[in-house]
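Here are the chains, one letter per residue:
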Amino acid sequence: MTLQTTLPALIVLSSLLPGLVIFLLREEAHRLRTVLNLAGAVLKLALVGVMMWGVFQGAAYESRWTLAPGLDLVLHADALSVLFVTLSTVLWLVTTLYAIGYLEHSPHRSRFFGFFSLCVSATVGLALAGNLFTFLVFYEVLTLATYPLVAHRGTPEATRGARIYLAYTLAGGTALLVGTVWLRAVAGPLEFVEGGLLDALPPGLHPELRLIFVLLIAGLGVKAALVPLHGWLPQAMVAPAPVSALLHAVAVVKAGAFGIVRVVYDVYGVEFAHQLGLLAPLGALAALTIVYGSVRALTQDSLKKRLAWSTVSQVSYIALGAAILGPLATIGGVVHLVHQGLMKITLFFAAGNYAETLGIHHVSEMNGVGRRMPGTTLAFTVGALGMIGIPPVAGFVSKWYLGLGAVEAGAAAWVLPVLAASSLLNAAYFLPILHRAWFRPAPAAWPEEHIPARRLETVGLLLWPPVVTALLALGAGLLAATPFSPLDWARLITAREYAP
């Protein structure tokens, strides 16, 4: 065994093993649970750093187990997988710190953090999946590991939201399974290959390949919340704030969007998908989702539901980038995988802080909250401005490249109006929140103040995570041109996908 053959497996195990031990801990074992959580997160970050440097240098990392003839479980590192693994690992560390503060006095913490670790292990596993079968395995594990987190509070509303989530995602998983088996029968082993692996198949198979593409995108579109497969996402907002952050920024919706990118680029190949006429319908679906999600966000008074509908809209920028043929649009879509994660986790952390500190759950309750909680509200402001696409926050970079890509591909006539309409709608549902928070007078009393202001506006483990992720979102925009920035890595991925 060498580092090249063991590193992908070690990265998955660095969160899986602590998670399994945490299940066995008593509730009172707060210190040991915290040590295991943080040790796993820091170790994973170090291992991913080694892998990132190696992949940049051209090194190959792969762990492979043969389960049956022609059926391998493969963990493989390429530039795209490293991007998603790095995002998940960094945000898992920050979310773990936040969750420790958020759940300080809650019951069932060992159960929560056990499934929390399993969820991240599944996400990292599907990010490192070297073929479609491995991706499918971790995709299903992610569904099963996330369900208990959505149902964690145990209330009737939480149980109902979790059941809806499970029904949608299992149906999506079934579609993905059928598509994967069918494609395996048609095309043989389904290793992910930069540039795709299907373009050499005879033209007589093209009708089948189109139907299989529809099945795969339907299965992935459930987690990516493409309209009309998005219905579970607003219902899952009953979950605790750390779980919402995990669903929207680190794991579930990102797994679906990442899977769409994998299928388009590394299974079909973007140019072959274009030849089959598959990109235009995918682009239309993404455009519909972008506008529809933003329109629904406008009318939500629940802060978390407004953010959930915003996710429905924003995640589809990734699918939109994959649906436009050309390197610039690919850069815009791939980099948004990271940028949306940084901005959206900031917004959900802030929403959790308002709820846990002052009992604020609705936009209509946020008058003057910026003066009571300035750090949290500054972080929320950065995230909101980034979602609108205002420079220099990271969201501007994504939208800039998507717009340039549309012009490059001759699709400006329909993509630019979608981007413009989406940005205007983003402004229409985020700017009123900022106006309330910063410029309206505060009420005589907050809805339910749990944590009085002392030296800090709330406890440190709740305050610092959104501040850090807001700074990362700002830094990803300000330093986009520097080496190893998300944009620089997206350029590397794109160069390899379009290499002759």
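Residues numbered from 1 in each chain as written. Predicted model: local features only at pLDDT ≥ 70, side-chain atom pairs only at ≥ 80, totals over all residues. Heavy atoms only, no water.

1. Section: the overall build of the protein chain
Looking only at helices and strands, the protein chain has 20 helices and 2 strands in total. Taken against the 2.2 N^0.38 rule, which gives 23 Å for 500 residues, the C-alpha radius of gyration of the protein chain at 21 Å falls within 12% of a compact globule. A total of 500 residues make up the protein chain; the buried ones form 61% of that total. Long-range contacts, defined here as pairs at least 24 residues apart, represent 79% of the contacts in the protein chain between residues at least 6 apart. Charged side chains of the protein chain number 29 positive and 23 negative; the gap between the two group centres comes to 9 Å. (Helix = DSSP H or I, 4+ residues; strand = E, 2+ residues; numbered from the N terminus. Rg over C-alpha atoms; globule rule 2.2 N^0.38 Å. Buried < 20%, exposed > 50% of the residue type's maximum accessible area, 1.4 Å probe, protein only. Contact = heavy atoms within 4.5 Å. Lys, Arg positive; Asp, Glu negative; His and termini not counted. Charge placed at Lys NZ, Arg CZ, Asp CG, Glu CD.)

2. Details of the pattern of salt bridges
The tally for this structure, following the rule as stated, stands at 7 salt bridges. Put simply, Glu-62 and Arg-64 hold a salt bridge, and the shortest N to O gap is 3.0 Å. Between Glu-449 and Arg-372 there is a salt bridge, and its shortest N-O distance comes to 3.0 Å. With Glu-449 in the loop between helix H18 (412–439) and helix H19 (460–478) and Arg-372 in helix H15 (residues 369–372), the pair connects residues that are 77 residues apart, well separated along the chain. (Salt bridge = Lys/Arg side-chain N within 4 Å of Asp/Glu carboxyl O.)

3. As for the nonpolar core
Formed by 162 residues in total, the largest nonpolar core has its most connected members in Tyr-268, Phe-380 and Phe-430. Residues in contact with Tyr-268, not counting those within four places in the same chain, are Gly-196, Leu-198, Leu-209, Ile-212, Phe-213, Leu-216, Val-263, Ala-273, Leu-276 and Leu-278. Membership of the second largest hydrophobic core comes to 14 residues, among which are Ala-287, Tyr-317, Ile-324 and Val-415. (Core = buried A, V, L, I, M, F, W, Y, C linked by side-chain atoms within 4.5 Å.)

4. Some words on the UniProt feature "domain: NADH-Ubiquinone oxidoreductase (complex I) chain 5 N-terminal" (unreviewed entry) in the protein chain
Taken from the UniProt record, the annotation "domain: NADH-Ubiquinone oxidoreductase (complex I) chain 5 N-terminal" (unreviewed entry) applies to residues 71–113. Helix makes up 67% of residues 71–113 and strand 16%, whereas the separation of the span's terminal C-alpha atoms amounts to 32 Å. (UniProt positions renumbered as here; feature names shortened; annotations may be inferred.)

5. Section: the packing of helix H14 (residues 327–358) against helix H17 (residues 394–408)
Contact pair H14 / H17: the axes reach a minimum separation of 8 Å and the direction vectors enclose 160°. Accordingly, the angle class assigned to the pair H14 and H17 is roughly antiparallel. The handedness of the crossing between H14 and H17 comes out as left-handed. Residue-level inspection shows Pro-327, Leu-328, Ala-329, Ile-331, Gly-332, Gly-333, Val-335, His-336, His-339 and Met-343 of H14 in contact with H17, the latter providing Ala-394, Gly-395, Val-397, Ser-398, Tyr-401, Leu-402, Leu-404, Gly-405 and Glu-408. Looking at the contact of H14 with H17 residue by residue, the classes come out as 11 nonpolar, 7 polar and 1 charged. (Axes fitted to C-alpha atoms, helices over the stretch in contact; angles between N-to-C directions. Parallel < 35°, antiparallel > 145°, perpendicular 65-115°, else oblique. Left-handed = near helix turned anticlockwise from the far one by under 90°. Nonpolar A, V, L, I, M, F, W, Y, C, P; charged D, E, K, R; others polar.)

6. So, a nonpolar patch on the surface
Taken together, Leu-10, Leu-13, Leu-17 and Leu-20 make up a surface patch of nonpolar side chains, about 320 Å² in accessible area. As for its position among the elements, Leu-13 is in helix H1 (residues 3–23). Look at Leu-13 and you get partly exposed, because its relative accessible area is 33%. (Patch = residues over 30% accessible without salt bridge, like charges linked within 9 Å, V, L, I, M, F, W, Y side chains within 5 Å. Areas by Shrake-Rupley, 256 points an atom, 1.4 Å probe, with all protein chains shown as cover.)

7. Brief notes about the environment of Tyr-317
With respect to the helices and strands, the residue Tyr-317 is situated in helix H13 (residues 303–323). Sequence spacing of Tyr-317 and Gly-332 is 15 residues, and the spatial spacing of their C-alpha atoms is 8.3 Å. Not counting the four nearest positions on each side in its chain, Tyr-317 is found in contact with Ile-290, Gly-333, His-336, Lys-399, Leu-402, Leu-419, Ser-422 and Asn-426.

8. Focus: helix H10 (residues 252–268)
Given a rise of 1.5 Å per residue, 17 residues ought to cover 24 Å, and the 23 Å separating the end C-alpha atoms of H10 matches this to within 8%. Taken as a whole, H10 carries its principal kink of about 30° at Arg-262. Most of H10 sits inside the fold, with 17 of its 17 residues counted as buried. Gly-269 sits one or two positions beyond H10 and adopts a positive phi of about 85°. (Expected span 1.5 Å × (residues − 1). Bend = angle between axes of the 7 residues up to and from the residue.)

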